[in-house]
Amino acid sequence: MDRLSACLGPQITDPDEEAFVVFAQDLPSHNLGFVDAKATDVELTVGGRDLVIHQSPGLLTSSRKEGTTGAVVWQVTPRVAQWLSVESNFLFASGLLDSTSHVLELGCGVAGVVALVLAPQVASYIATDQEYVLKHLRQNIADNAGRGKGKRANITVRPLDWETSSVAALYTDLGLVDEGIGAIVCCDCIYNESLIAPLVDTCVDICHLAPAEKPTVCIFAQQLRSFDVFEAWLAAFHAAFETWRVPDSLLTADLKEGSGFVVHIGMLRSQT
């Protein structure tokens, strides 16, 4: 907690005020936020690596009730991957993350961009989402792991439904009961108010399993679209987590104020 405060400054004390301040800035139009919703392949250069990401535009436009948003690459994903790959990123510079850390991504979608870029810097990266995106995700990780330097072996793909899956069972399956997760990464998962409670609850469950001496850091990055949805998420997240907004001085240019994106960091509140 002290290291986060030293890096990020004062915590957010009033989530309603924070939501107002965030949305008071001029927000550019990114449409819905797709990189390219119609292409079956998207070429990206992130963290010095050339990636070719296979998408499923047909699935995106389907009517499956379980959701389709994970079927394509969203603009926030390569931005966050690039930010995390920078050597001066405060999470690594401060020792909050290092080569022994285990990182878990929620709602990763088909791309696997953050996993591919961040995995070489950590002990393991667990990419999770609903079952319907995992075939494409595994293909993208397999096809891109050999592009540039990287460690495919330490990227694990697992299904995780925020409403029905057992986080404890996932921990046991991964052999992380004694080690815990160093960081949770969540990119642009907050678009529907009905998902806010299960998403925050999943984060709480993961953080409860971390050793007391190595608490889990939550990294939430999102495109600013709906004030109401953002405000509802921030209120729910802030109730369970000490919360900071990452200042511009610690962000890459395409995540700074005026970009239309914002990054928040959270650490589970003390239960004592």
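Residues numbered from 1 in each chain as written. Predicted model: local features only at pLDDT ≥ 70, side-chain atom pairs only at ≥ 80, totals over all residues. Heavy atoms only, no water.

**Q** I'm lost on the overall build of the chain in this one. Help?
**A** If you tally the helices and strands in the chain, you get 10 helices and 9 strands. Each of the 272 residues in the chain was classed as buried or not, and the buried ones make up 54%. Taking the intrachain contacts of the chain between residues at least 6 apart in sequence as the baseline, contacts between residues at least 24 apart amount to 72%. Carbon and sulfur atoms make up 49% of the accessible area of the chain, which totals about 11800 Å². (Helix = DSSP H or I, 4+ residues; strand = E, 2+ residues; numbered from the N terminus. Buried < 20%, exposed > 50% of the residue type's maximum accessible area, 1.4 Å probe, protein only. Contact = heavy atoms within 4.5 Å. Areas by Shrake-Rupley, 256 points an atom, 1.4 Å probe, with all protein chains shown as cover.)

**Q** So what exactly am I meant to see when it comes to the pattern of salt bridges here?
**A** Should the charged atoms of two oppositely charged side chains come close, the side chains can pair. One pass over the structure, following the stated rule, counts 4 salt bridges. With a closest N to O distance of 2.8 Å, R225 and D188 form a salt bridge. Of this pair, R225 sits in the loop between strand 7 (217-223) and helix 10 (227-240) while D188 sits in the loop between strand 6 (183-187) and helix 9 (196-208), placing them 37 residues apart in sequence. (Salt bridge = Lys/Arg side-chain N within 4 Å of Asp/Glu carboxyl O.)

**Q** In this structure, what is going on with the confidence of the model for the chain? I would like to understand it.
**A** Keep in mind that low pLDDT regions are not for reading the predicted coordinates in detail. Across the chain, the average pLDDT comes to 89, with 90% of residues at 70 or higher. Confidence, expressed as mean pLDDT per element, reaches its minimum in the chain at helix 3 (residues 57-60) with 62 and its maximum at strand 8 (residues 241-245) with 98. Segment residues 61-65 is flagged for pLDDT under 50; beyond a separation of four residues in sequence, or across chains, it makes 3 contacts in the model. (pLDDT = per-residue confidence, 0-100.)

**Q** Sorry if this is basic, but what is going on with the sheet that holds strand 8 here?
**A** Sheets are built from strands paired through backbone hydrogen bonds, the pairs being either parallel or antiparallel. A sheet is described by the order of its strands in space; here 7 strands give the open sequence 5-4-3-6-7-9-8, paired in mixed fashion. Of all the strands in the sheet, just strand 5 (155-159) and strand 8 have a single pairing partner and so form its edges. Recorded for the sheet is a direction-independent mean angle of 20 degrees between the axes of neighbouring strands. Sheet topology places strand 3 (residues 102-106) next to strand 4 (residues 124-129); 4 bridges connect them, and they run parallel. Each bridged residue has a counterpart across the sheet, and for H102 the counterpart in strand 4 is S124. Along the sheet face, helix 4 (residues 76-85) touches strand 6, strand 7 and strand 9 (261-268) and points at about 140 degrees away from the line of strand 7. Along the sheet face, helix 7 (residues 131-144) touches strand 4 and strand 5 and points at about 165 degrees away from the line of strand 5. (Pairing = 2+ DSSP bridges. Axes fitted to C-alpha atoms, helices over the stretch in contact; angles between N-to-C directions.)

**Q** Looking at this structure, how should I read the environment of T202?
**A** With respect to the helices, strands and loops of the structure, T202 is situated in helix 9. Take T202: its relative accessible area is 4%, and that puts it in the buried class. Filtering out sequence-adjacent residues up to four positions away, T202 remains in contact with L106, L160, W162 and V167.

**Q** Would you take a moment to explain the state of the cysteines for this structure?
**A** A covalent bond between the sulfur atoms of two cysteines is what we call a disulfide. Counted under the stated rule, the structure contains 0 disulfides. Cysteine C189 shares no disulfide, and the gap to the nearest cysteine sulfur, in C186, comes to 3.4 Å. (Disulfide = S-S within 2.5 Å.)

**Q** Would you mind going over the side chain of D188 with me for this structure?
**A** Given a relative accessible area of 10%, D188 falls into the buried group. A polar contact is formed between the side chain of D188 and the side chain of R225, at a distance of 2.8 Å. (Polar contact = N/O pair within 3.5 Å; in protein donor to acceptor, adjacent residues only side chain to side chain.)

**Q** What am I meant to see in the packing of helix 9 against helix 10 here?
**A** The angle between the axes and the distance between the axes are what describe a pair of packed helices. Relative to each other, helix 9 and helix 10 sit at 30 degrees, their axes nearing to 10 Å. Relative to helix 10, helix 9 is oriented roughly parallel. Taken as a pair, helix 9 and helix 10 cross one another with a handedness that is right-handed. Facing I196, V200 and V204 of helix 9, the residues of helix 10 in contact are V229, A232, W233, A236, F237 and A240. Classifying every residue of the contact of helix 9 with helix 10 gives 9 nonpolar, no polar and no charged. (Parallel < 35°, antiparallel > 145°, perpendicular 65-115°, else oblique. Left-handed = near helix turned anticlockwise from the far one by under 90°. Nonpolar A, V, L, I, M, F, W, Y, C, P; charged D, E, K, R; others polar.)

**Q** Whenever I open this one, the packing of helix 2 (residues 15-24) against helix 10 confuses me. Can you help?
**A** In the contact formed by helix 2 and helix 10, the axes pass within 9 Å of each other and the chain directions differ by 145 degrees. As helix 2 packs across helix 10, the resulting crossing turns out to be right-handed. The residues of helix 10 that touch helix 2, namely those facing P15, D16, E18, A19, F20, V22 and F23, are F227, F230, E231, L234, A235 and H238. Along the lines of polarity and charge, the residues of the contact of helix 2 with helix 10 split into 9 nonpolar, 1 polar and 3 charged.

**Q** How should I be thinking about helix 9 in this particular structure?
**A** It helps to recall that an α-helix has 3.6 residues per turn; residues three or four apart then point in one direction. Taking 1.5 Å per residue, 13 residues should reach 18 Å; helix 9 reaches 18 Å between its end C-alpha atoms and fits that length. Listing the buried residues of helix 9 in full gives I196, P198, L199, V200, T202, C203, V204, I206 and C207. (Expected span 1.5 Å × (residues − 1).)

**Q** Looking at this structure, I do not really get the nonpolar core. What am I missing?
**A** Generally speaking, soluble globular proteins have nonpolar side chains that are buried together. One finds W83, F90, L91, Y125 and I219 to be the most contacted residues of the largest nonpolar core, which totals 56 residues. At 6 residues, the largest contribution of residues to this core is made by helix 6 (residues 113-118). Sequence-distant contacts of F90, that is, excluding residues within four places in its chain, are made with L4, C7, L8, W83, L96, V246, L250 and I265. Grouped together as the second largest cluster of nonpolar side chains are 37 residues, I190, C203, C207 and F220 included. (Core = buried A, V, L, I, M, F, W, Y, C linked by side-chain atoms within 4.5 Å.)

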